[in-house]
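Summary of structural features
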Amino acid sequence: MEQLLVHCANAIETNDATLAQQILWVLNNIAPPDGDSGQRLTCGFLRALISRATRIGSCKLLPDVAVFIPNHKFSITELAGFVDLTPWHRFGFTAANAAVMEAVEGRSVVHIVDLSLTHCMQIPTLIDSFSTRPEGPPFLKLTVAGATEDFPPMLDLSYEDLGAKLINFARSRNVAMEFRVVPSSSSDGFSSLIDHLKITGAGGSNSEALIVNCQMLLHYIPDLQTLGASSPRSAFLKAVRGLNPCTVLLVDEDADFTSENLVARLRSAYNYLWIPYDTVETFLPRESRQRQWYEADMCWKIENVVAQEGPQRVERLEPKGKWVQRMRGAGFRGAGFSEEAVAEVKSMLDEHAAGWGMKREEQDLVLTWKGHNVVFATAWLPA
């Protein structure tokens, strides 16, 4: 199926409408949207190729497969359940929270800048940990980027309402908390957030520990480098270094979707995105609403990688090695994770299917599915 998708992509790119149409019909017959995990994955790519072909006028639309399922807007409860389905997000949450607790030991004020794709879903567990801290809980400041774009998973709640719920939860745990939303966009490297943090002197006092927590959101910052300027990603990391944070946590998906070549990008995406389809196959029935929501979000990702170009193509994952280079270039050094943090991650993985695993790569942790790299977690200190 991968080869057929590659041949189809080549036909679309060379404007061979006849061949593209023939392959699309073959794929349509062998990759039903309700088939096995490989067929559903291929169907997602088929829809994306049709979307691309329609956009550039390569061939006629196939109306029966060209419609994407709309992305679900989650309630808080639904999103919490969604995140708990697999370790995809919990892995980074668990590793980061353990590192945060160690980094802020003895500090009376903890300021977390949360750049997270999952709308602060990591924070309640961290509040629980702070509430039982031997020296007593710190005063918690939480600053989030009120993103101007919508990336899945999407929330049906304003960030102001989300903040109110988090403050109430923290109060129930005897943790004093302040919540601030700064409207900011990944498209310009969260520049308004960085400006806000500079103006307010974030991390400027000895009592305040500044933590920058980046969970699967930085790959939405453009990776394109203009002549004579550093890439927006590297510029963002250098700006974060200028804030002199106590610790930076960087967690993301370990794949490369940055190629300007469609076929190379399609291959990379196909050989990575089989994993989420395979994982849900093991424990969610086909009629499950959670599975439909999960796979709709995967289809959004596939469509963005394959059908979009330029500023609209925002799914630009980079592998761990590239982010390590960027962090070192921005003036950070790897901090690694303690044995206690590793033990917490392993304990969390025990709650999930046997195919999930974890390995250490130098100072970093990598989540695996059946031996394949899925998500990496890294911790950094100013060099």
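Residues numbered from 1 in each chain as written. Predicted model: local features only at pLDDT ≥ 70, side-chain atom pairs only at ≥ 80, totals over all residues. Heavy atoms only, no water.

As recorded by an unreviewed UniProt entry, the protein carries the name Scarecrow-like protein 32 and is attributed to Salvia splendens. Regarding the protein, the relevant UniProt record gives this comment under Sequence similarities (unreviewed entry): "Belongs to the GRAS family." (UniProt positions renumbered as here; feature names shortened; annotations may be inferred.)

Let's shift gears to unusual backbone geometry. Following proline 152, the chain continues into proline 153 via a peptide bond in cis, with omega recorded as 0 degrees. Located in the positive-phi region is asparagine 174, a residue other than glycine, with phi close to 60 degrees.

Below, the discussion takes up the packing of helix α3 (residues 37–56) against helix α10 (residues 262–281). At a minimum axis distance of 8 Å, the contact between α3 and α10 shows a crossing angle of 140 degrees. In this structure, the crossing between α3 and α10 has a hand that is right-handed. Where α3 abuts α10, its residues Ser37, Gly38, Arg40, Leu41, Thr42, Phe45, Leu49 and Arg52 lie against Leu262, Arg265, Leu266, Ala269, Tyr270, Leu273, Trp274, Tyr277, Asp278, Val280 and Glu281. A class-by-class count of the residues in the contact of α3 with α10 yields 11 nonpolar, 3 polar and 5 charged. (Axes fitted to C-alpha atoms, helices over the stretch in contact; angles between N-to-C directions. Helix = DSSP H or I, 4+ residues; strand = E, 2+ residues; numbered from the N terminus. Left-handed = near helix turned anticlockwise from the far one by under 90°. Contact = heavy atoms within 4.5 Å. Nonpolar A, V, L, I, M, F, W, Y, C, P; charged D, E, K, R; others polar.)

Further remarks concern a nonpolar patch on the surface. A surface patch of nonpolar side chains, amounting to about 210 Å² of accessible area, comprises Met1, Val26 and Ile30. Positionally, isoleucine 30 belongs in helix α2 (residues 17–30). Accessibility expressed as a relative area gives 33% for isoleucine 30, which makes it partly exposed. (Patch = residues over 30% accessible without salt bridge, like charges linked within 9 Å, V, L, I, M, F, W, Y side chains within 5 Å. Areas by Shrake-Rupley, 256 points an atom, 1.4 Å probe, with all protein chains shown as cover. Salt bridge = Lys/Arg side-chain N within 4 Å of Asp/Glu carboxyl O. Buried < 20%, exposed > 50% of the residue type's maximum accessible area, 1.4 Å probe, protein only.)

Tallied over the entire structure, the rule returns 11 aromatic pairs. Taking 6.2 Å as the distance between ring centres and 75 degrees as the angle between the ring planes, the aromatic pair formed by phenylalanine 257 and tyrosine 272 counts as edge-to-face. Within this pair, whereas phenylalanine 257 is found in the loop between β7 (247–253) and α10, its partner tyrosine 272 is found in helix α10, the two being separated by 15 residues in sequence. We classify phenylalanine 257 as buried; its relative accessible area is 0%. Here the aromatic cluster, defined as three or more aromatic residues joined through ring pairs, consists of Trp88, Phe257, Tyr272, Trp356 and Trp369. Across from the ring centre of tryptophan 323, 5.9 Å away, lies the NZ or CZ of arginine 326, which sits over that ring. (Phe/Tyr/Trp six-rings, centres within 6.5 Å; stacked < 30°, edge-to-face > 60°. Lys NZ or Arg CZ within 6 Å of the ring centre and 35° of its normal.)

Before going further, it helps to spend a moment on the environment of aspartate 188. Note that aspartate 188 resides in the loop between β5 (177–184) and α8 (191–199). The exposure class assigned to aspartate 188 is partly exposed, which follows from its relative accessible area of 43%. Between the C-alpha atoms of aspartate 188 and leucine 5, which are 183 residues apart in sequence, the distance is 33 Å.

What follows deals with helix α7 (residues 159–172). Counted at 1.5 Å a residue, the expected span for α7 with its 14 residues is 20 Å, and the 20 Å between its end C-alpha atoms agrees. Next to the buried residues of α7 lie α4 (76–83), α6 (123–131), β3 (139–147), β4 (154–155) and β5. Just past α7, the residue asparagine 174 takes up positive phi, approximately 60 degrees. (Expected span 1.5 Å × (residues − 1).)

Moving on to the side chain of histidine 111. Counting through the fold element by element, histidine 111 comes out in strand β2 (residues 109–116). Engagement of the side chain of histidine 111 in a polar contact is seen with the side chain of glutamate 208, the distance being 3.2 Å. Excluding its chain neighbours within four sequence positions, the residues that come into contact with histidine 111 are Lys141, Thr143, Leu197, Ala202, Glu208, Ala209, Leu210 and Ile211. (Polar contact = N/O pair within 3.5 Å; in protein donor to acceptor, adjacent residues only side chain to side chain.)

Here the focus is the pairing of β2. Most of β2 sits out of view: 8 of its 8 residues are buried. Burial of the side chains of β2 extends over both faces: Val109, His111, Val113 and Leu115 are buried on one face and Val110, Ile112, Asp114 and Ser116 on the other. Across 6 bridges, the pairing between β2 and β3 is parallel. Paired with isoleucine 112 across the bridge in β3 is leucine 142. Regarding the hand of the β-α-β motif, the stretch spanning β2, α6 and β3 is right-handed. As paired elements, β2 and strand β6 (residues 208–215) share 8 bridges and run parallel to each other. Counted as the bridge partner of isoleucine 112 is isoleucine 211 from β6. (Pairing = 2+ DSSP bridges. Right-handed = clockwise from strand over helix to strand, strands pointing away.)

Together, Glu102, Glu105, Glu340 and Glu344 make up a region of like negative charge exposed at the surface. Looking at the element boundaries, glutamate 340 is found in helix α13 (residues 339–349). (Lys, Arg positive; Asp, Glu negative; His and termini not counted. Charge placed at Lys NZ, Arg CZ, Asp CG, Glu CD.)

Among the structural elements, glutamine 122 can be located in the loop between β2 and α6. Accessibility expressed as a relative area gives 3% for glutamine 122, which makes it buried. Engagement of the side chain of glutamine 122 in a polar contact is seen with the side chain of asparagine 97, the distance being 2.8 Å. Engagement of the side chain of glutamine 122 in a polar contact is seen with the side chain of glutamine 215, the distance being 3.4 Å. Residues contacting glutamine 122, with those up to four places away along its chain left out, are Phe93, Ala96, Asn97, Asp114, Asn213 and Gln215.

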